[in-house]
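Chain residues, written in single-letter form:
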There are 2 protein chains.
Amino acid sequence: MTSGTVGTSGVTIRNVAAHAGVSIATVSRALSGSRPMSHQLREKVLASVVVLGYHPNLVGRALRKKKTSSLGLIIPDLENPFFSALAQQVSRRFSESGTDVLIISADNTLELELRAVRSFLGRQVDGLVMIPCDETNSGEAVQLASARVLTIQLDRLVHGVDLPFVGCDNTAGIDLVMHHIETFVDESNQPVIIVGGGGSTSSGRERLQEFTRHRPNSLVFDGQFSFEWGKQAAGQILAQGIKRGTIVSTADVIALGLTSALISAGKSVPGDFRVVGFDDVGVAYLAHPTLTTVSQPLSDMADSIFSFMIAHSQSDQVQPRKLFSPELVVRESSPASLK
Amino acid sequence: MTSGTVGTSGVTIRNVAAHAGVSIATVSRALSGSRPMSHQLREKVLASVVVLGYHPNLVGRALRKKKTSSLGLIIPDLENPFFSALAQQVSRRFSESGTDVLIISADNTLELELRAVRSFLGRQVDGLVMIPCDETNSGEAVQLASARVLTIQLDRLVHGVDLPFVGCDNTAGIDLVMHHIETFVDESNQPVIIVGGGGSTSSGRERLQEFTRHRPNSLVFDGQFSFEWGKQAAGQILAQGIKRGTIVSTADVIALGLTSALISAGKSVPGDFRVVGFDDVGVAYLAHPTLTTVSQPLSDMADSIFSFMIAHSQSDQVQPRKLFSPELVVRESSPASLK
DNA sequence: ATGAAAGCGCTAACAT
DNA sequence: ATGTTAGCGCTTTCAT
């Protein structure tokens, strides 16, 4: 091989040093600005960098500095629009400050989630943000992570582990929904029906519990956080001969499935069935009818994660759980009017 | 500090070697199985690994092996459901074979896209898959990437760079749509209107071109790939006093925005306006009415990327562009019936 | 079959 | 202000 023209480049700091006629330390300093140096020499080095097309090997740098300027983000499912939106906010917030956010999807699998944790730990990320897959069974993954790197749980809290958490005040969110219903719904005409997303995540469970606390005698259908379950639930409701109701669900993806199936079955929303969601995902306002739902302050949550990561890397105080207050967004599927 | 109980662990291969009373080379071999060794010794080493809670430092390994067992995936926008679905498929395919897929969102910005490329190159990913942001201006990022690592463009082709590409046969997709229209639509009653997603991406441009080739005299509205643009386009169409039509759009996100705005304005879909999308994103079948659209074989595309990456790392043959044939999915927004 | 030692690319002491 | 050198954690020759 003559001179690396193509392929995996392979031009190192040593090549740059040789080309510029300086030591490798000088090259390093010219790039980082970690020490004062003559302007002239710096220019010379920078010129060589450009000529040779040098790009620093971040692996070498990371090994030496024990720092990667990266944050790992593990999400259960890329296709859930709520998680995507959350990921986008976190990405944006850290990008602004020069930290690369690397995302791995756990594909709703505990095995892949654990592997993602191992991968990120091994790759020496400076911090880890995870939306755990499961309230109890993600414990191993979360514990492992937090024992080795600054870790924060997002949206879902794993049972029994006392670790930093940023999420939404689910109880308050449900209370907003119930207040809306008590104000605008004739429940003798459209009784409350609850459709949950399963008890395997904290947010799912908390929301479901608060609903049943308000309406202990209401019908409850419980399944997963998916469009598909929403469709099935609608089928089950109709199969029971129910003709009218106010269906409150613990996630927009469920609510959208519900609405879709109800309308396909010839029902009117909100005429026959009112439907209320939770999360305010982007498509909620595109649905027909547009979806009444609970909106979470995603951007504030991302800010909070960022602040915590910064603060913690300096001092060593524990972070309690940080809950953000959601807001009710009233749209067509359950309007602010009687009937 | 006494003995690392908490924090960034920091137990290295050397600690394991000391604990097991062997050399670090032996530990390495016990873990990798790269050389035959006595069963007894291996067990001893593995026991120490467990006792000490050792996890290999992948940064050290990568520096030495010049291989990271990771694939970089750059997507323009996490919140676009089509990209999310594509990312999920790619993730799944590579995960199965032990390669970690790390995702960075470019947040629809050329600057962030370039930074993502630099980041992945610096982190020495074994391969890079990118859905470029822009047909022409992503050239720098794609060129840089491909000069240093095996890179493949997904879904969108950057103009003028001759690099591996996996995508959909957009022309064929539009032809399917036009054939559907010619078969089932009375165009004197519902004339074709075209709503594009802008000319800055290859798929957007190709689809638009093929539409206008079929119907050179049709009205054309061009914007971006977003729900919001779909809503605006509907407003523009109605503002021109148009009462009926067959609106073909170059992406589902646009079609969903269109449908939403049309129905809000009191129009019937497909009665007044038929609407056809492209991509078949998950929510397309939840919309009201459900969306007639062109479906891409995402899983096959992911397989193709995987095969190519494997093949290329062995031989060195060039990969031509790989185009997959889409299928038409007929739903309610433009049914297979006249009127 | 096992150990000793070199070295991947980089930064940070430590010299000068 | 600049150069020399040690060493981050790991794999892989090269010895034995």
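1. Here's the deal with the protein's contact with DNA strand C
Piece 1. Near DNA strand C you find 27 residues, and of these Ile13, Tyr54, Arg61 and Arg64 of chain A together with Thr26 of chain B are the closest.
Piece 2. A distance of 2.3 Å is found between a phosphate oxygen of DNA strand C and a side-chain nitrogen or oxygen belonging to Thr26 of chain B.
Piece 3. Here Ser38 of chain B contributes a backbone N or O atom positioned 2.9 Å from a phosphate oxygen of DNA strand C.
Piece 4. The element contributing the most residues to the surface near DNA strand C is helix 4 (residues 58-65) of chain A, with five residues.
Piece 5. Among the residues forming the surface near DNA strand C, the class breakdown is 12 nonpolar, seven polar and eight charged.

2. Some words on helix 7 (residues 139-148) of chain A
Piece 1. When helix 7 of chain A is considered as a whole, its buried residues turn out to be Gly139, Ala141, Val142, Leu144, Ala145 and Arg148 of chain A.
Piece 2. On the buried face of helix 7 of chain A, the contacting elements are helix 6 (110-122), strand 3 (127-130) and strand 4 (151-154) of chain A.

3. Digging into the relation of the copies chain B and chain A
Piece 1. Structural alignment of chain B on chain A gives an RMSD of 0.1 Å, achieved by rotating through 180 degrees and translating 0.1 Å along the axis. Such a combination of rotation and displacement between the chain copies is what one expects of a two-fold axis. Across chain B, the rotation axis passes nearest the C-alpha of Ile103 of chain B, at a separation of 2.4 Å.
Piece 2. When the interface residues of chain B are mapped onto chain A, 100% of them again fall at the interface, so both copies present the same face.

4. Digging into the sheet that holds strand 6 (residues 192-196) of chain B
All names here are of chain B.
Piece 1. Across the sheet, four strands lie side by side as 7-6-8-9; this open sheet has parallel pairing. Edge positions in the sheet fall to strand 7 (219-222) and strand 9 (273-276), since each of these pairs with one other strand and no more. Strand-to-strand twist across the sheet, computed as the mean angle between neighbouring axes with direction ignored, equals 20 degrees.
Piece 2. Sheet topology note: the strand 6/strand 7 ladder contains four bridges and is parallel. Bridged to Ile193 within strand 7 is Leu219.

5. A closer look at the pattern of salt bridges
Piece 1. Counting across every chain of the model gives 28 salt bridges over all chains.
Piece 2. A salt bridge links Arg321 of chain A to Asp162 of chain A; the nearest nitrogen and oxygen atoms lie 3.5 Å apart. Taken together, the residues Arg321 of chain A in strand 11 (residues 321-324) and Asp162 of chain A in the loop between strand 4 and strand 5 (165-168) connect sequence positions 159 residues apart.
Piece 3. Assessed through its relative accessible area of 68%, Asp162 of chain A is described here as exposed.
Piece 4. The partner of Arg215 of chain B in a salt bridge is Glu187 of chain B, with the nearest N and O atoms 2.8 Å apart. Note that Arg215 of chain B is positioned in the loop between helix 9 (202-214) and strand 7 and Glu187 of chain B in the loop between helix 8 (170-184) and strand 6, a separation of 28 residues in sequence.
Piece 5. Judged by relative accessible area, Arg215 of chain B falls into the buried class, the value being 18%.
Piece 6. The exposure class of Glu187 of chain B is partly exposed, given its relative accessible area of 25%.
Piece 7. Residues joined in a network through salt bridges with shared partners are Arg93, Glu96 and Asp303 of chain A.

Cut-offs applied
Residues numbered from 1 in each chain as written. Chains lettered and ligands numbered in written order. Predicted model: local features only at pLDDT ≥ 70, side-chain atom pairs only at ≥ 80, totals over all residues. Heavy atoms only, no water. Near = heavy atom within 4 Å. Polar contact = N/O pair within 3.5 Å; in protein donor to acceptor, adjacent residues only side chain to side chain. Helix = DSSP H or I, 4+ residues; strand = E, 2+ residues; numbered from the N terminus. Nonpolar A, V, L, I, M, F, W, Y, C, P; charged D, E, K, R; others polar. Buried < 20%, exposed > 50% of the residue type's maximum accessible area, 1.4 Å probe, protein only. Contact = heavy atoms within 4.5 Å. Least-squares fit on C-alpha atoms with pLDDT ≥ 70 in both. Pairing = 2+ DSSP bridges. Axes fitted to C-alpha atoms, helices over the stretch in contact; angles between N-to-C directions. Salt bridge = Lys/Arg side-chain N within 4 Å of Asp/Glu carboxyl O.

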